Amino acid sequence: HAIALLMRNSFAIISFVILIASILIFVWVTRRIVRGNDLRSRLDAYCKASLMRDLFLEAIMIANLSGLALTGEKFYAGLSGIILIVFLLGYPNTHRIINTLKLDQKDSDIILSKGAID
C-alpha cells in the first residue's frame, strides 16, 4: 500500500512540475519573439512554442494513462482529465495569437481576414 501511495504522489508531483514547466517555457519563448521580425517568422515561432507546450502536455497524459493502465486507480484518470482541460484551454485561436504576440492592427487584420501571409 505504501508503494502505491508513493507512486501516486510521485506521478502527481512530476505531472505538476512538467505542467508548470511547459507553461513557463511557452511564456518565455513567446515573450522572446521579436516585434521587428516579419509576421510569418513570428507566427512560426508561436507555432513552435505551442507545439513544445503540447508535447509536454502529451507526455504528462501518456504517463498518467500508463499509471491508470498499470494500477487501475481512478486518480490517474483524474490527473489526465485536468491535463486535458489545460490542453483545451491552451488551444491557439486567432484572438489568442493576436493577444499573445501583441500584434499591431495591420498584422491583426491579416490574421483575422484569414488571407495568405507572406
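Only a predicted model underlies this, so the values are computations on that prediction, with no experimental measurement involved. (Residues numbered from 1 in each chain as written. Predicted model: local features only at pLDDT ≥ 70, side-chain atom pairs only at ≥ 80, totals over all residues. Heavy atoms only, no water.)

1. Notes on the packing of aromatic side chains
And then number 1: Counting across every chain of the model gives two aromatic pairs.
And then number 2: Here the aromatic rings of Phe26 and Tyr46 are separated by 5.7 Å at their centres, their planes lie at 75 degrees, and the arrangement is edge-to-face. Here Phe26 is found in helix H1 (residues 2-31), whereas its partner Tyr46 is found in helix H2 (residues 39-71), with 20 residues between them in sequence. Tyr46 carries the same exposure label as Phe26, and that label is buried.
And then number 3: Lying over the aromatic face of Phe26, Arg53 brings its terminal NZ or CZ to 4.2 Å of the ring centre. (Phe/Tyr/Trp six-rings, centres within 6.5 Å; stacked < 30°, edge-to-face > 60°. Helix = DSSP H or I, 4+ residues; strand = E, 2+ residues; numbered from the N terminus. Buried < 20%, exposed > 50% of the residue type's maximum accessible area, 1.4 Å probe, protein only. Lys NZ or Arg CZ within 6 Å of the ring centre and 35° of its normal.)

2. Focus: the packing of H2 against helix H5 (residues 105-112)
And then number 1: Relative to each other, H2 and H5 sit at 65 degrees, their axes nearing to 12 Å. By the angle class used here, H2 and H5 are roughly perpendicular. In terms of crossing hand, the pair formed by H2 and H5 is right-handed. Counted together, Leu39, Arg42 and Leu43 of H2 and Asp107, Ile110 and Ile111 of H5 form the full contact between these two elements. (Axes fitted to C-alpha atoms, helices over the stretch in contact; angles between N-to-C directions. Parallel < 35°, antiparallel > 145°, perpendicular 65-115°, else oblique. Left-handed = near helix turned anticlockwise from the far one by under 90°. Contact = heavy atoms within 4.5 Å.)

3. Focus: H2
And then number 1: Here H2 contains 33 residues, and its C-alpha end-to-end distance of 48 Å stays within 8% of the 48 Å for a straight helix at 1.5 Å per residue.
And then number 2: Of all the positions in H2, only Leu39, Arg42, Leu43, Tyr46, Ala49, Ser50, Arg53, Asp54, Leu57, Ile60, Asn64 and Gly67 are classed as buried.
And then number 3: Taken from the residues just after H2, Gly72 is the one with a positive phi, measuring 80 degrees. (Expected span 1.5 Å × (residues − 1).)

4. Some points on the side chain of Ser15
And then number 1: Tracing the backbone shows Ser15 in helix H1.
And then number 2: The buried category is assigned to Ser15, whose relative accessible area is 6%.
And then number 3: Setting aside residues no more than four positions away along its own chain, Ser15 makes contact with Ile60, Asn64 and Leu79.

5. What about the nonpolar core?
And then number 1: Counting eleven residues, the largest nonpolar core consists of Phe26, Ile33, Leu39, Leu43, Tyr46, Ala49, Ile97, Ile98, Leu101, Leu103 and Ile111.
And then number 2: The element that contributes the greatest number of residues to this core is H2, accounting for four residues.
And then number 3: In this structure Leu103 touches Leu39, Arg42, Ile98, Ser108 and Ile111, once residues within four positions along its chain are discounted. (Core = buried A, V, L, I, M, F, W, Y, C linked by side-chain atoms within 4.5 Å.)

6. Focus on helix H3 (residues 74-89)
Owing to its 3.6 residues per turn, the α-helix brings residues three or four apart onto one side.
And then number 1: Between the first and last C-alpha of H3 there are 23 Å, a value that for 16 residues agrees with the 22 Å anticipated at 1.5 Å per step.
And then number 2: Among the residues making up H3, those that are buried are Tyr76, Leu79, Ser80 and Ile83. For H3, the angular spread of the buried residues around the axis is 100 degrees, confining them to a single face. The exposed set on the far side of H3, more than 90 degrees from its buried face, consists of Lys74, Ile85, Leu88 and Leu89. (Arc of directions from axis to C-beta.)

7. Points about the environment of Lys48
And then number 1: Of note, Lys48 is situated in helix H2.
And then number 2: Residue Lys48 is classed as exposed on the basis of its relative accessible area of 60%.
And then number 3: Remark: the alpha-carbon pair of Lys48 and Thr30, spanning 18 residues in sequence, is separated by 9.5 Å.

The values reported here are purely geometric and, on their own, carry no functional implication.
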